[in-house]
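Report on the structure
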Amino acid sequence: MTSLKAYNNILKYLQPFSAKLIAVSKTKMQGEILVLYGAGQRAFGESYVQEIKSKSELLPKDIEWHFIGHLQTNKVKYIAPFIHTIQSVDSFKLLLEINKEAQKNKRVINCLLQLHIAKEETKFGLSFEEVREIMMGKLLNKLTQVKITGLMAMASLTDDENLIHSEFHSVKAFFDEINTALKELPLTTLSMGMSSDYKIAVEEGSNMVRIGSLLFGERK
Ligand SMILES: *Cc1c(COP(=O)(O)O)cnc(C)c1O
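Residues numbered from 1 in each chain as written. Predicted model: local features only at pLDDT ≥ 70, side-chain atom pairs only at ≥ 80, totals over all residues. Heavy atoms only, no water.

Regarding the pairing of strand 8 (residues 208–211)
Defined as follows: Partly exposed describes any residue whose relative accessible area lies between the buried limit of under 20% and the exposed limit of over 50%, with all areas from a 1.4 Å probe on protein chains only and scaled to the type maximum. Segments assigned H or I by DSSP are reported as helices when at least four residues long, segments assigned E as strands when at least two residues long, and all are numbered from the N terminus. Between any two strands, pairing holds if DSSP finds at least two bridges.
Neither face of strand 8 is open: one carries Met208 and Arg210, the other Val209 and Ile211, and all of them are buried. Sheet topology note: the strand 1 (residues 20–24)/strand 8 ladder contains four bridges and is parallel. In the strand pairing of strand 8, alanine 23 is matched with isoleucine 211.

Here it is, written out as structure tokens:
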């Protein structure tokens, strides 16, 4: 069940950090999403292609949809017509495909490069070195229909707050390093923090959090 109390508490907490909330609505029904929409929320995050596609068709058109799950190249075409930001870009090949599909739709698609920092092998993402290669590479200028606006990362699943602090800290340091090297067109978005660790994330410099279960209840 959607909790407006949690929603208002989270917004209040984020305000002094100027951090943006992405409401993660995967597996949740339209009615649950509309409760937050009614309270003013416009940015929603989803992890599955079919689900985000059908929700985008049924829900109000001024919703800003963020894709946050692992994205296969052959499925980019289904979300390219409407997606606002793809937060989970984990290969240059995927970036090329997003560029191609964005072109077909005469759009520019915002992308975040997903870093793999957590201890778990199961999580997707790029190493610091791979992100450096993409950002400093000459090929990037040729991708006129994608705009890399920042980085996304997930911390390890752990109760060890020191570890979570240090993982987010290292991503913020890397974000600053990339921006120093880029000089022009800096990255603006640092997407870190979920229900369990968003307070730590904003303390460490995140300016976008992706929160699901605190807003909508646990997923089955
Ligand atoms: C599901 C998901 C979230 C939200 O997780 P909660 O713990 O429910 O807040 C955030 N980011 C990503 C990438 C996710 O897949």
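Some remarks on empty space enclosed by the protein
Where we set the bar: A pocket, in this scheme, is an open set of points on a 1 Å grid over the protein atoms alone with protein on both sides within 12 Å along at least 5 of 7 lines, while a cavity is a set where a 1.4 Å probe fits but cannot get out; residues line either one if an atom lies within 4 Å of a point. Grid points are joined across faces, edges and corners, and a volume is the space filled by probe spheres set on the points. Here the nonpolar group is Ala, Val, Leu, Ile, Met, Phe, Trp, Tyr, Cys and Pro; Asp, Glu, Lys and Arg are the charged ones; every other residue, Gly included, is treated as polar.
This structure, assessed with the given rule, holds one cavity of 30 Å³ or more. Its volume calculated, the largest cavity comes out at about 30 Å³. Residue contributions to the lining of the largest cavity peak at three residues, all from strand 5 (residues 109–116). Classifying every residue of the lining of the largest cavity by side-chain character gives five nonpolar, two polar and one charged.

Remarks on the packing of aromatic side chains
Applicable threshold: Two rings from Phe, Tyr or Trp (for Trp, the six-membered ring) form a pair when their centres sit within 6.5 Å of each other. Planes less than 30 degrees apart are called stacked, planes more than 60 degrees apart edge-to-face, and all others tilted. A ring has a charge above it when a Lys NZ or an Arg CZ is no more than 6 Å from the ring centre and no more than 35 degrees off the ring normal.
Per the stated rule, a full pass over the model turns up four aromatic pairs. Ring geometry for phenylalanine 44 versus tryptophan 65: centroids 6.2 Å apart, planes at 45 degrees, classification tilted. Of the two residues, phenylalanine 44 sits in strand 2 (residues 43–46) while tryptophan 65 sits in strand 3 (residues 64–67), which places them 21 residues apart along the sequence. Here the two residues phenylalanine 44 and tryptophan 65 agree in accessibility, since each one is buried. Following the ring pairs from residue to residue traces out a cluster consisting of Tyr13, Phe17 and Tyr198. The ring centre of tyrosine 37 lies 3.6 Å from the NZ or CZ of arginine 42, which sits over that ring. One Lys or Arg, lysine 199, reaches over the ring of tyrosine 13 and ends 4.9 Å from the middle of that ring.

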